[in-house]
Amino acid sequence: MKNTETFSISRVWTIVIHEIYVTKRSLEIFFDIFFFPLINVFLFGLISRFISVGSANNQYLLLGVLLWEIVTIVQYNVTVSTMWEVWSHNLTNIFIAPISIVEYLVAHIAAGFIKTATILAILAAATSVFFNFNLLHVGIINLILFAANLAIFAVWIGVILLGFIFRFGTRMAAISWGVIFLFQPLTAAFFPVSVLPHWLQTISHAFPATYVFEDARKTLSVHHGILFESFFWTFIANVAYAMLAALVFKQLFKKSKDSGQFARNDLG
Amino acid sequence: MSELVLKVENLVKDYGAYRAVDSISFEIKKAEVLGLLGPNGAGKTTTIQMLTGITNLTSGKISYFGLDFNQHRRSSLQRINFTSAYNTLLGRITVKENLLTFAGLYGVKNRLSKIAELLEKFEISHLADQRYINLSAGERTRVNLAKSLLNDPELILMDEPTASLDPDIADKTLTWIEELRADRDLSILFTSHNMAEVERICDKVIFLEKGKIVSQGAPSDHTNKMNRVEVLLSYKGNREDLQKILESHKIAYDFPTDGTVRLETKKDKTAGVIALVVQAGFEIVDTEVKKPDLEQVFLEIARSNK
């Protein structure tokens, strides 16, 4: 008999494929993760063209907008994808099958990475064609390192939000979309940290994503090699946050199953 | 001895100070169908949630196939399945995509042919490429049943599988369940509010009330425990005279039709009551003694605690 207690790549892949089925058949998801980001890119592209013709600032803004989409799409996939299952009363069906919560989370993270890579490529092509901004100017390796750290940042925020949804039910649904935008100014995604009030700068520096956006802007203004050292320290901080997020999620998930909320989530 | 499929020992679930399930124990053997009955709030749903691992137990033990569910969660879930009128599949994707997902999660081999076989069995092959959300209640029930058989389970937990179905589809669904049981030696834990269904397919019935087991045994055991029968007499004679006699002996009665009286009495007094009517000079044309059915047992249990 096969051992179903160990981590299964096959079950992870099944959920990834399931996510692809859902995405291709959902107009809402198309709008959330493709249409709105595309409109965002055009909007900010036009705004930056209007307010800072010829300056480096319009490139900063477009760079921030593109990198920010990594955060939103990955977090969306970790958190909001589960809401579709809850609203369809299908979540418990999934967890009555022999899948672990870790496999489920890994699958959603993997699906988020696939979607992000695809959409980012399209958005980057659009900015190149319409606004003469090439995302690859930051360097391919740097781009991969930035993307990796932003994706991890999005994952741990998404995991904590998912924990709250499991624990407190669909009345927390709004946070699955809304909370991430709090981090848009806090991580200085579209502008240098120095623009923030001093007290907010201190808070901003607590988030790994802030360093990614700062580093990314540096690569546009000054010629830099590969920012391995900065990546490394940001990565370490991200991993520490991710571990903390895993602990918080574990507690919230346990409480959700203790209180019966996890099963009730499916009953609307 | 029959192989034990599920063993529940002293299962308790507390929600704060409220005890939803109070130290219940029961077993299901191979090819056995157990009905879990009780009024709303009796603890049936909470019990099923604990049996499927989506709600944690406060105390007690659940074992599937002799293995502790707490320690062998996924290998246990691999051998069981679940279907409910209240849990639907994902509406926005097709029937086939839904079934492919679950086939993948259960590690089913030859997924497409297995799905085709099950869709054919439930006469829904034409729905394979339909979005689940567009299906009728009856079609959804059949898809849910197909999903619950993907992994060739040895035990299926069925939570009101026929709720909201019209009588014809409900009857067909029960026939499928009976066939499945016969073909596969399938064990089933079945909950329903329809007592006729329960009497039809369950070997054993457990009544839950306020989280406790108040009665368990074969459906006939439950009805035999009730020391009450209904006697329907077709008679010839004056209705008012009969009324006076019955009232003087404190026998509960009503007249469903002209010339017919329905009497309620204890089982061991049936002959005496009939004799009383005959001795009073009434001619008995027809007699029918009706034992209580499961519905009456259910109502008595539900009302006794109000």
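In this text the structure is predicted, and so the values were computed from the model without any measurement.

About the criteria used
Residues numbered from 1 in each chain as written. Chains lettered and ligands numbered in written order. Predicted model: local features only at pLDDT ≥ 70, side-chain atom pairs only at ≥ 80, totals over all residues. Pairing = 2+ DSSP bridges. Helix = DSSP H or I, 4+ residues; strand = E, 2+ residues; numbered from the N terminus. Domains from an automatic or database assignment. Contact = placed C-beta atoms within 7 Å. Nonpolar A, V, L, I, M, F, W, Y, C, P; charged D, E, K, R; others polar. Buried ≥ 20, exposed ≤ 12 C-beta atoms within 10 Å, placed from the backbone. Core = buried A, V, L, I, M, F, W, Y, C linked by C-beta atoms within 7 Å. Axes fitted to C-alpha atoms, helices over the stretch in contact; angles between N-to-C directions.

Trainee: Break down the pairing of strand 10 (residues 212-217) of chain B for me, with residues and values.
Mentor: Each regular strand carries side chains that alternate between the two faces of the sheet. All names here are of chain B. One ladder, built from 5 bridges, connects strand 9 (residues 204-209) with strand 10; its direction is antiparallel. Residue pairing for strand 10: Phe207 is matched across the bridge by Ser215. The turn linking strand 9 back onto strand 10 is made up of 2 residues, and Lys210 within it adopts a positive phi angle of 50 degrees.

Trainee: Just give me the short version of the domain arrangement of chain B, but keep the residues and values in it.
Mentor: When its domains are assigned, chain B resolves into domain 1 (4-79 + 153-223), domain 2 (93-148) and domain 3 (226-304). Computed from C-alpha atoms alone, the centre-to-centre distance between domain 2 of chain B and domain 3 of chain B is 52 Å.

Trainee: Could you give an account of the interface of chain B and chain A, with specific residues and numbers?
Mentor: With 28 residues of chain B at the contact, the number on the chain A side is 32 residues. Mapped by element, the contributors of at least two residues to the side of chain B that touches chain A are helix 1 (44-51), helix 2 (73-77) and helix 3 (95-105) of chain B. The greatest single-element share of the side of chain B that touches chain A, amounting to 5 residues, is contributed by helix 3 of chain B. Of the residues belonging to the side of chain B that touches chain A, the class tally is 11 nonpolar, 14 polar and 3 charged.

Trainee: I'd like to hear about helix 1 of chain B, residue by residue, with values.
Mentor: All names here are of chain B. Of all 8 residues that make up helix 1, 8 are buried, and the element is covered over most of its length. Within the sequence span of helix 1, burial applies to Lys44, Thr45, Thr46, Thr47, Ile48, Gln49, Met50 and Leu51. After helix 1 finishes, the residue Gly53 shows a positive phi value of roughly 80 degrees.

Trainee: So what's going on with the nonpolar core? Which residues, and what values?
Mentor: With 139 residues, the main nonpolar core has Leu67, Val71, Val74, Leu150, Ala154 and Val155 of chain A as its most contacted residues. Not counting chain neighbours up to four residues away, the residues in contact with Val74 of chain A comprise Gly112, Phe113, Thr116, Ala151, Ala154, Val155 and Gly158 of chain A. Judged by nonpolar contacts, the second largest core, of 6 residues, contains Val231, Leu233, Val261 and Leu263 of chain B.

Trainee: So, the sheet that holds strand 8 (residues 187-191) of chain B: which residues are in play, and what are the values?
Mentor: Residue and element names in this part refer to chain B. Strand order across the open sheet formed by 6 strands is 6-7-8-3-9-10, with mixed pairing between neighbours. The open sheet has two edge strands with one neighbour each: strand 6 (80-84) and strand 10. Recorded for the sheet is a direction-independent mean angle of 15 degrees between the axes of neighbouring strands. Where strand 7 (residues 155-159) meets strand 8, 5 bridges bridge the pair, whose relative direction is parallel. Paired with Leu155 across the strands is Ser187, a residue of strand 8. Taken strand by strand, helix 1 contacts strand 3 (33-37), strand 7, strand 8 and strand 9, and its axis lies near 150 degrees from that of strand 7.

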